[in-house]
Each structure stands twice: as C-alpha cells, then as structure tokens.
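# Descriptive analysis of the structure
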Amino acid sequence: MASVEIFPSVSLIDEDILIVVRGLHPNRNYSFHLSLKHRNGTHESEVIFRANEHGIINLAKAVPIRGSYRDAEPMGLFMCMIPAAGYRYGSPIVAVPTSSPFVYKLRISDAGGQTVVEREIKRYFEHPNVERIEIENEVLTGTIYKPKDVTGTMPAIIDLYGSSGGIKEHRAALLASHGFAVLCLPYFAYRKLPDSLTEVDLDYFQNAIEFFCAQPYTTNRCGIIGTSLGGAIACLMSIRNPKVKAVVSVNCSPVLDVVAQMREHGRSLPVAPYEEIIEMRKKNGVPMYKSILEALSYDHTMVFPIEKSAKDTEFYFIASIDDDSNCSVTAARVLCERLRQSNHCRDIDVVWGGHLIDPSYMPLVDVIYNKFFDMFNSFGGEPWGSAVCQRHTWQKTIDFFSSNIGKPIEMGPISTYCSKL
C-alpha cells in the first residue's frame with residue numbers, strides 16, 4: 001500500500017519540507033496534484049513523476065516527466081502553484097487568522113487517474129510560541145506579534161504594506177515566528193484610521209516608532225520592512241528617526257507621486273507631477289501602473305534625501321524586473337546611488353519577481369483589484385521565477401535584520417509543538 005512521508009510533518013509556511021512516497025509500482029508514472037484552498041479560491045499545481053525500481057518517489061531527487069518545472073526540487077510543487085477554476089480574480093491570498101494553518105492537499109494518482117494515496121500538509125504562519133496583541137490607542141492602530149514568555153528584550157521590526165490599505169498580518173506573524181517582535185502597522189482604511197491616503201500624516205509613523213521602541217521587550221532601535229508605498233515610507237522614516245537602523249524596501253518608489261499624497265505635521269507633502277497623463281498600457285487586458293511612472297521625471301529635488309539617514313542605518317532593496325506596478329529597479333538604483341555617495345551600507349537584489357514579493361512559498365499574486373482606484377492592476381511576475389526570488393530574498397531579509405538590529409529569539413522547530421496544534 002502506498003504511503004506519503006512528510007519531513008517535518010508540521011512546518012512554517014517558509015520552511016523547506018521533504019515529500020517521499022513509498023509503496024508504488026516500480027518504474028510507473030504517477031501524477032502529484034497539490035491544492036491549497038484559501039478565502040478567495042484555490043491554487044494548485046500538478047506534476048508527473050516516475051517511481052524508481054523500488055517503488056519510491058523522493059521529491060528531493062525525482063526529476064519531473066511533465067509539469068511546470070524540470071529539475072529535481074523538493075519544494076517544486078509549492079513553487080509552481082497557479083490559480084484554479086473559481087479563484088476570485090484580482091484577490092490576494094489572505095491568511096486570517098494567522099494562527100490557523102494553510103492546509104494543502106496532496107493527491108497522488110496513477111496513469112489511469114485513480115487516486116493511489118492522499119495526504120494533508122499543514123503549513124503555519126504563526127509559531128505556537130508567538131502571541132498576538134491588538135493595539136488601538138491614541139497613538140496607533142495595529143497588531144503586535146512577538147515570542148511569548150521572553151525575559152529581556154528582542155529585536156523589533158515594523159511591517160508596512162502599500163496603497164491597498166487595510167491590514168495584512170501574515171508577514172509579521174512569520175517574522176515573529178523567527179524570533180522578532182513585530183508591529184504590523186496599517187495606516188489607512190482600517191478601523192478608526194483615515195479612509196484615504198491624503199489624510200495620512202507621517203507623524204503617525206514617527207509616533208509608532210517611538211511607541212514600539214519604548215516597550216519593555218524592545219530596545220531603542222528598530223528595523224522597518226515595507227512593500228511598495230510601505231517601502232517608500234520606510235525610507236522616509238529612516239531619514240526622520242535615527243532609531244531606524246535597518247530598512248528592507250521592496251519595490252518602492254524614490255518619490256511620492258500624485259497617487260501617494262500624504263501629509264507631515266498636518267501639511268501636504270510635495271509630490272512629483274506627471275509631465276503628461278497617458279493611458280496605461282495593458283498586459284492581458286489589465287492596466288500596468290508602471291507605464292505611467294515611466295514618464296515620471298525623477299527630479300533630484302523630489303527624490304527622498306535618504307543620504308540624511310543616520311550613518312549606522314543599513315538598507316536592503318529588493319527590486320523586481322517583472323514588476324508591472326512600479327519602476328522598481330530604476331527606483332532602487334536611484335536611492336542606492338545616493339547612499340553610495342554618502343557612504344551608507346546598502347545592498348540591492350534585482351530579481352525575477354512581480355510587484356508583490358512575499359515570504360517563501362507563498363503563491364504568486366499577479367493581478368490585484370484596488371478598491372480605492374476601482375481598477376485591476378497588473379503586478380507582474382510568473383510563478384516559478386517569483387518563487388525562486390522569494391526564497392532567496394526572504395532568507396536574506398531575516399539574516400539582514402538579525403545582523404543589524406540584533407539576534408532574534410531562538411524559537412525551536414514548530415514540529416516539536418505538534419501536541420499543541
């Protein structure tokens with residue numbers, strides 16, 4: 001009888017696992033179908049392998065006969081997932097609540113389509129030894145994730161996303177699962193926060209930094225990770241607050257434009273004007289916001305003066321070649337050049353991803369509906385390339401923060417907590 005072995009049996013969403021199937025007919029082909037059902041639909045992948053002479057398929061060694069990838073790769077089934085029929089087009093992959101796992105279903109069938117064996121695989125965003133604390137006070141609104149029962153302090157990170165508003169907690173939960181204290185900080189379109197970007201004031205982020213760095217479990221320094229507009233805000237905060245010692249900026253812009261109008265001390269911040277508003281180019285019928293930004297002049301007076309950041313603040317830019325929403329590579333290079341001239345430590349990874357670079361093994365989201373602009377927006381990317389770059393940049397992000405804001409708390413393998421799950 002066929003059986004499926006998973007090592008480890010329970011894991012974090014970003015962990016590598018090994019899948020081995022035994023008890024198959026030797027030298028026969030089998031189809032591996034992996035599916036993930038989430039709030040907005042289902043993602044799936046399917047690859048065909050041949051059992052060896054012992055009736056075993058080990059995904060660390062098996063080379064696909066057919067499918068979406070061609071070389072042996074233990075995580076290949078997770079890396080080539082695409083939307084299935086019924087997926088809610090333009091919707092994100094949402095992890096709510098973060099304490100509940102993503103449950104993947106692996107079905108293995110023979111050449112005649114008969115199911116041979118099935119197995120569920122549980123992958124978590126939130127380690128059982130992480131606590132979630134909702135914050136809503138006169139200073140900020142958000143969610144803190146941090147390791148439980150820790151004596152002393154731990155490195156602190158503020159997590160920001162972009163212009164779609166609301167709150168996205170999966171990355172914060174996962175960073176906390178690697179031993180950091182993380183403040184997931186929404187800034188508009190959530191609870192009592194402003195309804196639109198034009199009402200957002202940079203003082204809000206300043207106050208959040210001061211609040212978080214004053215907690216008994218943090219220190220007087222922090223890191224910030226931000227995607228898209230969140231990455232731009234991370235850069236702006238590094239200029240304004242010397243407590244920011246490490247910035248990971250994912251596909252950000254080096255200027256504020258008319259879409260990202262915000263305030264500081266109650267006054268509107270200057271934005272880079274478009275020389276000419278053109279009709280956006282489209283990919284597969286979906287507008288690419290990048291096509292407007294390509295016409296945007298990066299006047300040096302409008303570029304963030306990132307060189308004014310504290311000299312001991314370090315930067316890691318992630319810039320996607322296939323980003324359809326922003327001119328990310330150009331933007332990162334513009335900012336890095338300023339940092340080079342001021343002798344700041346900086347690093348840049350130019351990768352084959354789309355606009356949304358998530359933690360390892362999250363399926364690609366290449367189109368998003370933005371309700372504030374009432375339009376679909378192409379994010380770009382393709383599943384395999386995005387998966388490869390996510391695996392690289394996510395581990396590098398964890399290492400970057402560990403090196404620059406402090407060693408995270410040792411959490412231990414989630415598999416050791418199986419009895420609690």
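It should be emphasised that the depicted structure is a prediction, and the values quoted were computed from it without experimental measurement.

With respect to the helices and strands, the residue Asp159 is situated in strand β12 (residues 156-160). For Asp159, a relative accessible area of 1% translates into the label buried.

With that settled, the discussion passes to helix α7 (residues 383-405). For α7, built from 23 residues, the straight-helix expectation of 33 Å at 1.5 Å per residue is met to within 8% by its first-to-last C-alpha distance of 32 Å. Of the residues trailing α7, Gly406 is marked for its positive phi of about 125°.

Glancing now at the pairing of strand β1 (residues 3-7). Side-chain alternation along β1 places Val4 and Ile6 on a buried face and Ser3, Glu5 and Phe7 on a face that remains uncovered. As paired strands, β1 and strand β3 (residues 18-22) are joined by five bridges and run antiparallel to one another. Bridge pairing in β3 places Ile6 opposite Ile19.

A few words now on the packing of aromatic side chains. Under the defined criterion, the tally for this structure stands at 14 aromatic pairs. Relative to Phe400, the ring of Tyr316 has its centre 5.9 Å away and its plane inclined at 45°; by these criteria the two rings are tilted. Of the two residues, Tyr316 is situated in strand β20 (residues 314-320) and Phe400 in helix α7; the sequence distance between them amounts to 84 residues. Classification of Tyr316 as buried rests on a relative accessible area of 1%. Among the aromatic residues, those joined into a ring-pair cluster are Phe180, Tyr316, Phe400 and Phe401. Lying over the aromatic face of Phe78, Arg123 brings its terminal NZ or CZ to 5.1 Å of the ring centre. Above the face of the Tyr161 ring, Arg171 is positioned so that its terminal group lies 4.1 Å from the ring centre.

Once that is clear, we can look at the sheet that holds β20. Ordered in space as β10-β11-β13-β12-β14-β15-β20-β21, the eight strands form an open sheet in which the pairing is mixed. In the strand order of this sheet, the two ends are held by β10 (130-136) and β21 (346-351), each with one partner. Each neighbouring strand pair of the sheet contributes to a mean axis angle of 15°, computed without reference to strand direction. As paired strands, strand β15 (residues 244-250) and β20 are joined by five bridges and run parallel to one another. Following the sheet pairing, Ser249 is matched in β20 by Phe317.

What follows concerns the sheet that holds β1. Strand order in this open sheet of three strands is β1-β3-β6, and the pairing throughout is antiparallel. For this open sheet the edge positions go to β1 and β6 (57-58), each flanked by a neighbour on one side alone.

On to the UniProt feature "active site" (unreviewed entry) in the chain. The feature "active site" (unreviewed entry), as given by UniProt, occupies Ser228, Asp323 and His355 in the numbering adopted here. For the annotated residues, spread through 128 residues, the largest C-alpha to C-alpha distance comes to 10.5 Å, consistent with a single compact locus. With respect to the element layout, Ser228 can be found in the loop between β14 (222-227) and α4 (229-240). Residues in contact with Ser228, not counting those within four places in the same chain, are Gly162, Val250, Asn251, Cys252 and His355. The topology assignment puts His355 in the loop between β21 and β22 (367-370). For His355, the contacting residues outside a window of four places in its chain are Thr227, Ser228, Asn251, Asp323, Ser325, Asn326, Phe379 and Gly380.

What follows concerns the packing of helix α3 (residues 202-213) against α4. The N-to-C vectors of α3 and α4 enclose an angle of 70°; their axes lie 11 Å apart at closest approach. In terms of their interaxial angle, α3 and α4 are classed as roughly perpendicular. Pair α3 / α4 crosses with right-handed handedness. Packed against α3, whose contacting residues are Leu202, Phe205, Gln206 and Ile209, the element α4 presents Ile233, Leu236, Met237 and Arg240 at the interface. In terms of residue class, the contact of α3 with α4 is built from six nonpolar, one polar and one charged.

Moving on: the environment of Val388. Assignment of secondary structure puts Val388 in helix α7. For Val388, a relative accessible area of 39% translates into the label partly exposed. In sequence terms Val388 and Ser228 are 160 residues apart; their C-alpha atoms lie 20 Å from each other.

Let's shift gears to the pattern of salt bridges. What the rule picks out here adds up to 17 salt bridges. Between Arg391 and Glu73 there is a salt bridge, with its nearest N and O atoms 3.1 Å apart. Taken as a pair, Arg391 in helix α7 and Glu73 in the loop between β6 and α1 (76-79) lie far apart in primary sequence, 318 residues in all. On the accessibility criterion, Arg391 (26% relative accessible area) is partly exposed.

To continue, consider the nonpolar core. Judged by nonpolar contacts, the single largest core of 72 residues is most densely connected at Ile19 and Phe32. Broken down by element, the residue count for this core peaks at seven residues, all from α7. Residues contacting Ile19, with those up to four places away along its chain left out, are Val4, Glu5, Ile6, Ile57, Asn58, Leu59, Phe78, Leu106 and Ile121. Within the second largest apolar cluster, 55 residues are counted, among which are Ala181, Ile233, Val255 and Ala260.

Glancing now at the state of the cysteines. Scanning all chains against the criterion turns up zero disulfides. In this structure Cys327 is not part of a disulfide, and its nearest cysteine sulfur, from Cys252, lies 12 Å away.

Procedures and definitions
- Residues numbered from 1 in each chain as written.
- Predicted model: local features only at pLDDT ≥ 70, side-chain atom pairs only at ≥ 80, totals over all residues.
- Heavy atoms only, no water.
- Helix = DSSP H or I, 4+ residues; strand = E, 2+ residues; numbered from the N terminus.
- Buried < 20%, exposed > 50% of the residue type's maximum accessible area, 1.4 Å probe, protein only.
- Expected span 1.5 Å × (residues − 1).
- Pairing = 2+ DSSP bridges.
- Phe/Tyr/Trp six-rings, centres within 6.5 Å; stacked < 30°, edge-to-face > 60°.
- Lys NZ or Arg CZ within 6 Å of the ring centre and 35° of its normal.
- Axes fitted to C-alpha atoms, helices over the stretch in contact; angles between N-to-C directions.
- UniProt positions renumbered as here; feature names shortened; annotations may be inferred.
- Contact = heavy atoms within 4.5 Å.
- Parallel < 35°, antiparallel > 145°, perpendicular 65-115°, else oblique.
- Left-handed = near helix turned anticlockwise from the far one by under 90°.
- Nonpolar A, V, L, I, M, F, W, Y, C, P; charged D, E, K, R; others polar.
- Salt bridge = Lys/Arg side-chain N within 4 Å of Asp/Glu carboxyl O.
- Core = buried A, V, L, I, M, F, W, Y, C linked by side-chain atoms within 4.5 Å.
- Disulfide = S-S within 2.5 Å.

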